[in-house]
Amino acid sequence: MPPTIRDARADDLPAILAIYNDAVCHTTAIWNDSPVDLANRQAWFDARAQQGYPVLVAVDSDDGVLGYAAFGDWRPFEGFRHSVEHSVYVRSEQRGQGLGPALLRELIERARACGKHVMVAAIESGNGASIRLHERLGFITTGQMPQVGCKFGRWLDLTFMQLILDPGTEPPAADTR
Ligand SMILES: CC(C)(COP(=O)(O)OP(=O)(O)OC[C@H]1O[C@@H](n2cnc3c(N)ncnc32)[C@H](O)[C@@H]1OP(=O)(O)O)[C@@H](O)C(=O)NCCC(=O)NCCS
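Residues numbered from 1 in each chain as written. Predicted model: local features only at pLDDT ≥ 70, side-chain atom pairs only at ≥ 80, totals over all residues. Heavy atoms only, no water.

By the naming in an unreviewed UniProt entry, the protein goes by N-acetyltransferase family protein and is assigned to Pseudomonas benzenivorans.

Here it is, written out as structure tokens:
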């Protein structure tokens, strides 16, 4: 049965927290060393809601959270307001079943609906599953940054990928203030 993708609710946050902290402790998908608490994820969730940005979850038939995806502003300057950076995480024992692609497909549609122009993915260069997932959904590699991070006692390289959501769209008129 295809996964159900829906908007996250506050009561999904403990499950989202568990997925996030598992990625912190066991992967190079998040370049932090320390797990966070529920208040941290609540603040993140509230910030997304305040901006009108979605947080999506993939759920099973009992409404249990299997994965989640979200985006936020890419860089905190006005000129970047049409670009967002996203993340997608699937519970470790649920990977390889198409949940990541399902979440990302829906997230792309939501970014279009928000009027965004570009989605940016910042991926650890050794994360082949994530790079292939993004390639399949039309993202292209636009940057390679060797050794900009470190975790688990080694340097990490960063690969930037991006998708233009509305190719050919004219930029907004210049602000003449
Ligand atoms: C990257 C990620 C979101 C992909 O989601 P997914 O639901 O596993 O995606 P898919 O079902 O398309 O499978 C991805 C790949 O994992 C392989 N796979 C199969 N079984 C697997 C398993 N048990 N565990 C892990 N990967 C498995 C799939 O065959 C596929 O390989 P391919 O790319 O060569 O075809 C997911 O692996 C994940 O959450 N990883 C940890 C967090 C992360 O890296 N997030 C992205 C940060 S940029």
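A. Structural detail: the overall build of the protein. Counting its secondary structure elements, the protein contains four helices and seven strands. Listing every helix and strand of the protein by position from the N terminus yields β-α-α-β-β-β-α-β-α-β-β. For the protein, whose C-alpha radius of gyration is 16 Å, the value lies close to the compact-globule estimate of 16 Å for 177 residues. For the protein, the spread of C-alpha atoms along the three principal axes comes to 50 × 40 × 35 Å. Put simply, the protein has 177 residues, and 41% of those count as buried. If you take every contact in the protein between residues at least 6 apart in sequence, the share linking residues at least 24 apart comes to 62%. (Helix = DSSP H or I, 4+ residues; strand = E, 2+ residues; numbered from the N terminus. Rg over C-alpha atoms; globule rule 2.2 N^0.38 Å. Buried < 20%, exposed > 50% of the residue type's maximum accessible area, 1.4 Å probe, protein only. Contact = heavy atoms within 4.5 Å.)

B. Main features of the site of the ligand. Around the ligand there are 17 residues in total, and Val90, Gly98, Asn127, Arg132 and Arg136 lie nearest to it. A distance of 2.7 Å separates an oxygen atom of the ligand from a polar side-chain atom of Asn127. One of the side-chain nitrogen or oxygen atoms of Arg132 is found 2.7 Å away from an oxygen atom of the ligand. Out of a free accessible area of 920 Å², the ligand has 71% covered by protein chains. The set of elements that each furnish at least two residues to the shell around the ligand consists of β4 (83-90), α3 (99-113) and α4 (128-136). Partitioning the shell around the ligand into residue classes produces eight nonpolar, six polar and three charged. (Near = heavy atom within 4 Å. Polar contact = N/O pair within 3.5 Å; in protein donor to acceptor, adjacent residues only side chain to side chain. Areas by Shrake-Rupley, 256 points an atom, 1.4 Å probe, with all protein chains shown as cover. Nonpolar A, V, L, I, M, F, W, Y, C, P; charged D, E, K, R; others polar.)

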